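Residue-level structural notes
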Amino acid sequence: MMKKKSISASKASLVLFLCQMISALDVPLDSKLLEELLQPPTITQQSPKDYIVDPRENIVIQCEAKGKPPPSFSWTRNGTHFDIDKDAQVTMKPNSGTLVINIMNGGKAEAYEGVYQCTARNERGAAISNNIVIRPSRSPLWTKEKLEPNHVREGDSLVLHCRPPVGLPPPIIFWMDNAFQRLPQSERVSQGLNGDLYFSNVQPEDTREDYICYARFNHTQTIQQKQPISVKVFSMDSLNDTIAANLSDTDIYGAKPVTERQPILLTPTGSTSTKVELRGNVLLLECIAAGLPTPVIRWIKEGGELPVNRTFFENFKKTLKIIDVSEADSGNYKCIARNMLGSVHHVISVTVKAAPYWITAPRNLVLSPGEDGTLICRANGNPKPNISWFANGVPIAIAPEDPSRKVDGDTIIFSHVQERSSAVYQCNASNEYGYLLANAFVNVLAEPPRVLTPANKLYQVIADSPALLDCAYFGSPKPEIEWFKGVKGSILRGNEYVFHDNGTLEIPVAQKDSTGTYTCVARNELGKVQNEVRLEVKDPTMIIKQPEYKVIQRYGQVSFECIIRHDSTLLPTVIWLKDNDELPDDERFLVGKDNLTIMNVTDKDDGTYTCIVNTTLDSVSASAVLTVVAAPPTPAIIYARPNPPFDLELTGQLERSVELSWIPGDENNSPIRNFVIEYEDGLHEPGVWHYQTEVPGTQTTVQLKLSPYVNYSFRVIAVNEIGRSQPSEPSEQYLTKSANPDENPSNVQGIGSEPDNLVITWESLKGFQSNGPGLQYKVSWRQKDVDDEWTSVIVANVSKYIVSGTPTFVPYEIKVQALNDLGYAPEPSEVIGHSGEDLPMVAPGNVQVHVINSTLAKVHWDPVPLKTVRGHLQGYKVYYWKVQSLSRRSRRHVEKKILTFRGNKTFGMLPGLEPYSSYKLNVRVVNGKGEGPASPDKVFKTPEGVPSSPSFLKITNPTLDSLTLEWGSPTHPNGVLTSYILKFQPINNTHELGPLVEIRIPANESSLILKNLNYSTRYKFYFNAQTSVGSGSQITEEAVTIMDEAMASRQIDIATQGWFIGLMCAVALLILILLIVCFIRRNKGGKYPVKEKEDAHADPEIQPMKEDDGTFGEYSDAEDHKPLKKGSRTPSDRTVKKEDSDDSLVDYGEGVNGQFNEDGSFIGQYSGKKEKEPAEGNESSEAPSPVNAMNSFV
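Position numbers for residues count from 1 along each chain, tracking the sequence in the order it is written. A pLDDT threshold of at least 70 governs which residues receive local features in this predicted model, and a stricter bar of 80 or more applies before side-chain atom pairs are shown or counted, although totals over entire chains, interfaces and linings include all residues. Think of the side-chain values as coming from all heavy atoms in the structure, minus any hydrogens and water.

**Some words on the state of the cysteines**
Worth spelling out the cut-off: When the sulfur atoms of two cysteines come within 2.5 Å, that pair is taken as a disulfide. For helices the rule is a DSSP run of H or I covering at least 4 residues; for strands it is a run of E covering at least 2, with both sets numbered from the N terminus onward. Any residue under 20% of the maximum accessible area for its type is buried, any over 50% is exposed, and the rest in between are partly exposed; the area is computed with a 1.4 Å probe on protein chains only.
Tallied over the entire structure, the rule returns six disulfides. In this model C63 forms its disulfide with C118; the gap between the sulfur atoms is 2.0 Å. Looking along the S-S bond of the C63-C118 disulfide, the torsion reads about -70°, which is the left-handed sense. Placement of C63 in strand β4 (residues 63-68) and of C118 in strand β9 (residues 114-122) is noted, with a sequence separation of 55 residues between them. Residue C63 shares its accessibility class with C118, and that shared class is buried. Disulfide pairing is shown between C471 and C520; the S-S distance is 1.8 Å. With the S-S dihedral at roughly -45°, the linkage between C471 and C520 falls on the left-handed side. With C471 in the loop between β40 (467-469) and β41 (473-476) and C520 in strand β45 (residues 516-524), this pair connects stretches of sequence that are 49 residues apart. What connects to what in the protein chain, once the bonded cysteines are numbered by sequence position, is 1-2, 3-4, 5-6, 7-8, 9-10, 11-12.

Listed below in structure tokens is the structure:
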């Protein structure tokens, strides 16, 4: 009972399963991830279902597939297993399922006709290809027949039958004469869809003996010719002459010479017919009528309209063409042929059927164990197609059972899948008009989360714009994504953030405080992983002073400002434009940092100037208009552009020349320097004017050279110093006669795009170069030094022709000749091209490596034979990579490096190798198609080198006479370390270095205690590692032993006494009072009251402080700015700067600013808790302390 209930429930929940399919995992297109995940086979390339092959060439049946692990391939032929090992003519390409059937070495294409199907299989399932029907093309000869001449009376209808031989594929039919010229066609004479040539009524000019039907078989590039057909038209005039003696004059001249007839249909016959066409194809309906005068054809659809944008009329409206037909195009189509004597019509009943087409093709499913999913296969057609399912290429009814799978018509439902449920399913939709086959795999994966976005990726955005932080991920089951700001921040939530399904975090409006580190966490039941990215929000770039509208007089100077403000971390570039184009290349335009200056302004400088500021993140711009005006007239002479010429006249018209004359307009006070003549080709480019020539301003006639088949109009423009006049009114039109082309296409090239073709390209002639209607190109080619005869084809409206079935990379002689309805251009010159390249066949041999030193090696190889290159030799590529370090014996991620050596070079240098390491390399030859196979890997080793510097050196635990040193081994030992070398020396107060001591330390040590050092002394240490080759680069450090404890105690006692602190405060207060008094008395103006005493002194600059009241001497107003001689605060020229020495004042005093004596010696304390001792005579650039102020005035 429970079982029945669950079955019913599963049917009822079909819609739920369909919705769940949307949640199936999407595998990101990450190459590293795809290499690691197991995946059932997928067919990536296969030959077409109906594959017509050239019987002269090898048959290549393509079948390529991908999967993990790589799939194996097998084939069936006509429904049974095809054992290729038993057929010496059949091979399968390596790592591929593509078959190559060797026809060129004795095989016969007819023996391999049949239906082929490929299967690609690995441990996860099997995918199958379409049924590929192989048929060799056929181009049979015309059967011999005796053709009687056609004798036709003028005005009668005529049909010349072609009846081409049946070929595969069907040939293309065209009619030509003995001179290989296409027969002209018109409403009266035209070719039908069946290839026959129809004459609605014949005329005397139709008489000729060389009506020839040609059949071109494109697949084999052959053309077959029917025997010429003769047509003789008898006119009524000749018949009248014959019987004139037996008839009266009234009988002869009273009758019409040719009998007019109302229309009748030549094809199709009868009043109705039917036609079936398939959906998506092109529908072609034809009606050709006889009659005199020539009937006109009209098409209608009964009960409806002809489809808009899909309906075309061809062959002088005798053919109705509807592209991309659908079922809605079914119905009755009527053609009506009408002339002045009557009409006739024919109704064609069209039925549109449809081969199967997809509504919903099945899609690959990637599921986690225990999940549900569905495969849906829906197709339509007329009649409706049948749907059948296969599992791993076997009908699902007889395939191994899977309890998680249930088939429901066009849907397979999966419930609680397990890893064993992985398989490839095929859906086949078929009806009588064709079939569709689709592979879709179900891949059940159990994978912990992975974050694919690179760690610490930096994102930069402009403030107030969106920021998108990626967190590309994968896992099975699908991981949940959470975002945090900072390493230990709380989870991000709220409307200020948008969380996308692909893991991306969007900050719609990023602000400056959005800057920081963001952490993305992906977790599922199998694990958790996190990744950090950084966001920097930059200030927007702004133009704070924009260029302004300017009006400037001619020959003046003008300047536009463009002052910007931008983020300090962004580097802006400023570009100036004039009228949205580059500035003129003129030295008068001066571009400054934030302005544009134009010197000696002229009228042509008039326009809009734009300042554009670009950074890597944003761009802003601002524009201003410059108007140039004339200087005030004194008195003014108005100079202006000339008035346009007028009264243009053409005389002396010849086929290739004509004379043009005109009357000049007013020159407006500036002499006309020259006239510019332009022409318009109303036939090929109406409305477009081209430069023809120009003549001096004194000339008003010119002889113009013309080209054939151009409808010329001319106009004239006058030019003076001010500028160009408006164009004159156009002259009358002159149409030159047609002629053979004068020239052939240029830039003819032959370069293969595939190994078995030759692509011939050229630059087409311009319209006026055609010299006549019906421009075409005769493309000819032959294999150089092999073929004597040229193979030719005539094409139109293209500039490319592809020759298929060529040998790989062989030279061809090529020529392209232009022709039109009047004939051919001169014989073209020949060019040499090559058919397509293929990948090189062999690898370079005898690869040898000579190690020069620990970082450089030289590799040699033998060149490959040129015939195996199969293309233009571009050079050789050397792939090399480090396998492991010999000192650490640990492998690492292999990062291959590539060096390319151009041309036929057979050696090269490998720089940048790591010492004492094991490497591998191989060599490959390169042509225009790609790389050939790699040579066998060559192993070589580099010798030892000197090591890098130790990774760190720390000095800790300072005492009165000892220091502890700790270090890390070199990041790159480059060999076996033998020892460490430590050198050190003391540094005295004047920064002089003492004697150098050297100690050798065993290589297995990582710390050392140095004893018996001097107290309160700075030492400098030099430390490096050694191998047997020598010493590596050194690392330096400095440290200080601590001072005597008793001295430090005394200094601390003095600095902390209350009387000392009080004294310093009193001195500071006294100085402040003195400065205020001095300032107040000076502000009263004039001189101090003791001016009389000052006059008695010899020194005019300064008087000493008075002993009785402590006041300063008097100062003259004129001497206010002279410096004091005593107590001045000029900076010391002996100040030690940071950049001059590695010694830091902070290192000495732990953050307390020190002072220097005149000899540069340091008088500070080593402890930040101790006061400075006073230093007499010290001159410092620092701000004065109370002690310094006291010293200045003592």
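**Things to note about the pairing of strand β5 (residues 72-77)**
Let me state the cut-off plainly: The criterion for strand pairing is that DSSP finds at least two bridges linking the strands in question.
One ladder, built from six bridges, connects β5 with β9; its direction is antiparallel. Looking at the pairing, S74 lines up with T119 of β9. Where β5 and strand β6 (residues 80-81) come together, two bridges link them in antiparallel fashion. Looking at the pairing, T76 lines up with H81 of β6. In this structure, the hairpin formed by β5 and β6 is closed by a connection of two residues, where N78 is found at a positive phi of approximately 55°.

**Observations regarding the confidence of the model for the protein chain**
Test applied: pLDDT runs from 0 to 100 and stands for how confident the predictor is about each residue. In what follows, residue pairs with any heavy atoms lying within 4.5 Å of each other are defined as contacts.
Averaged over the protein chain, the pLDDT score is 84; the fraction of residues at 70 or greater is 84%. A low-confidence stretch, residues 1086-1194 (pLDDT under 50), is modelled with 127 contacts involving residues beyond four sequence positions or located in other chains.

**Quick word on the sheet that holds strand β58 (residues 657-663)**
Selection rule: Only the stretch in contact is used when fitting a helix axis, every axis being a line fitted to C-alpha atoms; angles between N-to-C directions are given from 0 to 180 degrees.
Judged by pairing direction, the sheet is antiparallel, and its three strands sit side by side in the order β57-β58-β61 without closing on themselves. The open sheet terminates on both sides in strands that have one partner only, identified here as β57 (646-651) and β61 (701-705). The mean inter-strand angle of the sheet, taken between neighbouring strand axes irrespective of direction, is 25°. Direction of pairing for β58 relative to β61: antiparallel, over a ladder of five bridges. Its bridge partner lying in β61, V658 is registered against L704.

**Quick word on unusual backbone geometry**
For the peptide bond that leads from T267 to P268, omega is -5°, which places it in the cis range. Along the chain, L292 connects to P293 via a cis peptide bond; the corresponding omega equals 0°. Looking at the secondary structure, you find P293 in the loop between β23 (288-292) and β24 (296-301). The residue N78 is not glycine, and still its phi comes out positive at about 55°. Along the chain, the position of N78 falls in the loop between β5 and β6. Positive phi values are uncommon outside glycine, yet R163 reaches one of about 50°. The exposure class of R163 is exposed, given its relative accessible area of 54%.

**Side note on the sheet that holds strand β39 (residues 457-462)**
What the four strands build is an open sheet, ordered β39-β46-β45-β42; its pairing is mixed. Two strands in the sheet have a free side with no partner beyond their single neighbour: β39 and β42 (480-485). Between one strand and the next, the sheet's axes are offset by a mean angle of 25°, whatever the strand orientation. The sheet contact formed by β42 and β45 spans six bridges and is antiparallel. Each residue of the ladder has a partner; that of E480, found in β45, is R523.

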